[in-house]
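# Results of the structural survey
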Amino acid sequence: MRKTELYLITILLVSFICFAVLIYYSLMQTTAKMPPAASAGSEIWQKYGCMECHSLLSSGGYAAVDLTKIMSTHTKEELLSFFENPPPLPPHKKRMHVELTEKEAKAMIAFLRYVNNIDTRKWPPEPILNDKRSSSVED
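What counts as what
- Each chain has its residues counted from 1, following the order in which its sequence is written.
- Only residues with pLDDT of 70 or above have their local features reported here, since the model is predicted, and side-chain atom pairs are shown and tallied only from 80 upward, although totals for entire chains, interfaces and linings are computed over all residues.
- Where side-chain values are given, they derive from all heavy atoms of the structure, hydrogens and water being excluded.
- Under the DSSP-based scheme used, a helix requires at least four consecutive residues in state H or I and a strand at least two consecutive residues in state E, with every element numbered from the N terminus.
- Burial here depends on accessible area, computed with a 1.4 Å probe over protein chains only, as a share of the maximum for the residue type. Under 20% is buried, over 50% is exposed, and the range in between is partly exposed.
- Here, two residues are considered to be in contact whenever any of their heavy atoms come within 4.5 Å of each other.
- Areas reported here follow the Shrake-Rupley algorithm with a probe of radius 1.4 Å; residue values treat only the protein chains shown as occluding.
- Comment: arc refers to directions from the helix axis out to C-beta atoms.
- Throughout, the protein atoms alone are placed on a 1 Å grid, and a set of points is a cavity if a 1.4 Å probe fits but cannot get out or a pocket if it is open with protein on both sides within 12 Å along at least five of seven lines; lining residues have an atom within 4 Å of a point.
- Grid points are joined across faces, edges and corners, and a volume is the space filled by probe spheres set on the points.
- Asp, Glu, Lys and Arg are counted as charged, while Ala, Val, Leu, Ile, Met, Phe, Trp, Tyr, Cys and Pro are counted as nonpolar; the rest, among them Gly, fall into the polar class.
- Here the expected length of a helix is defined as 1.5 Å per residue gap, with one fewer gap than residues.
- Put simply, a salt bridge is a Lys or Arg side-chain nitrogen that is within 4 Å of an Asp or Glu carboxyl oxygen.
- Note on geometry: axes are C-alpha line fits, over the in-contact stretch for helices, and angles between N-to-C directions span 0 to 180 degrees.
- What sets the label is the angle itself: under 35 degrees gives roughly parallel, over 145 gives roughly antiparallel, 65 to 115 gives roughly perpendicular, and the rest give oblique.
- By definition, turning the near helix anticlockwise from the far helix through less than a right angle yields a left-handed crossing, and turning it clockwise yields a right-handed one.

### Some words on the overall build of the chain
- The secondary structure content of the chain amounts to five helices and two strands.
- In sequence order, the chain lays out its α and β elements as α-α-β-β-α-α-α.
- Looking at the chain residue by residue over its 139 residues, the buried ones come to 22%.
- For the chain, the share of sequence-separated contacts (at least 6 apart) that also reach a separation of at least 24 residues comes to 57%.
- Split by element, the accessible area of the chain, about 11,500 Å² in all, is 61% carbon and sulfur.

### Thoughts on the side chain of S42
- Topologically, S42 is positioned in helix 2 (residues 36-47).
- The exposure class assigned to S42 is buried, which follows from its relative accessible area of 14%.

### As for helix 4 (residues 76-84)
- Along helix 4, the residues classified as buried are L79, L80 and F83. On an axial view of helix 4, the arc spanned by its buried residues comes to 105 degrees, and they lie on one face.
- Packing partners of the buried residues in helix 4 comprise helix 3 (70-73) and helix 5 (102-116).

### Brief notes about the layout of surface pockets
- If you add up the space inside the largest pocket, you get close to 940 Å³.
- Lining of the largest pocket is provided by 38 residues; of these, H54, A64, V65, D66 and L67 occupy positions nearest its centre.
- Of all the secondary-structure elements, those providing two or more residues to the lining of the largest pocket are helix 3, helix 4 and helix 5.
- The greatest single-element share of the lining of the largest pocket, amounting to four residues, is contributed by helix 4.
- Considering only residue class, the lining of the largest pocket consists of 23 nonpolar, seven polar and eight charged.

### Regarding helix 2
- Taking 1.5 Å of rise per residue, the twelve residues of helix 2 would be expected to cover 16 Å, and the 16 Å separating its terminal C-alpha atoms lies within 8% of that figure.
- Every buried residue belonging to helix 2 is among A38, G41, S42, I44 and W45, and all of these are buried. Burial along helix 2 is one-sided: seen end-on, the buried residues are contained in an arc of 160 degrees. Among the exposed residues of helix 2, those oriented more than 90 degrees off its buried face are P36, E43, Q46 and K47.
- Summarising the contacts, the buried residues of helix 2 are in contact with strand 1 (55-56) and helix 5.

### Examining the pattern of salt bridges
- Under the counting rule described, the total for this entry stands at two salt bridges.
- Among the ionic pairs, K47 bridges to E104, the shortest N-O distance being 3.8 Å. With a gap of 57 residues between them, K47 in helix 2 and E104 in helix 5 connect regions that are remote in the sequence.
- By relative accessible area, E104 is classed as buried at 13%.

### Observations regarding the packing of helix 4 against helix 5
- Here helix 4 crosses helix 5 at 130 degrees, and the two axes come no closer than 9 Å. With respect to their mutual orientation, helix 4 and helix 5 come out oblique. Crossing of helix 4 over helix 5 shows right-handed handedness. Here helix 4 contributes K76, L79, L80, F83 and E84 to the contact with helix 5, which in turn contributes E102, A105, K106, M108, I109, L112 and R113.
- Counted by class, the contact of helix 4 with helix 5 contains seven nonpolar, no polar and five charged residues.

See the structure below:
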């Protein structure tokens, strides 16, 4: 190999390594480690199969409400009350809400708060509500 080729390969490798290091550190700064309480809530989310009906960050079921930003619309007290005393679901639903202990409910709220603080770039979008009624075809 020529001296010029070795020089170019060296520059390319050094550039690649610098780029990889920059990407690594930028990801480390933007991804916060999940606190232990939120991690416990994530385990409860999985244990009770919440993702079968609900979704978080566009992952999970779509039979029920997306819970990605639920902490922005409900208070901690409302959610604690719901988790500890869930309302009955209609009989045609295949699953039921599980009554959580106080410790489980607090962990679930910590998890939902953690998810709520993730920058989703406004996802999920607000539902489009169409108030215009389609006019019926007259006979």
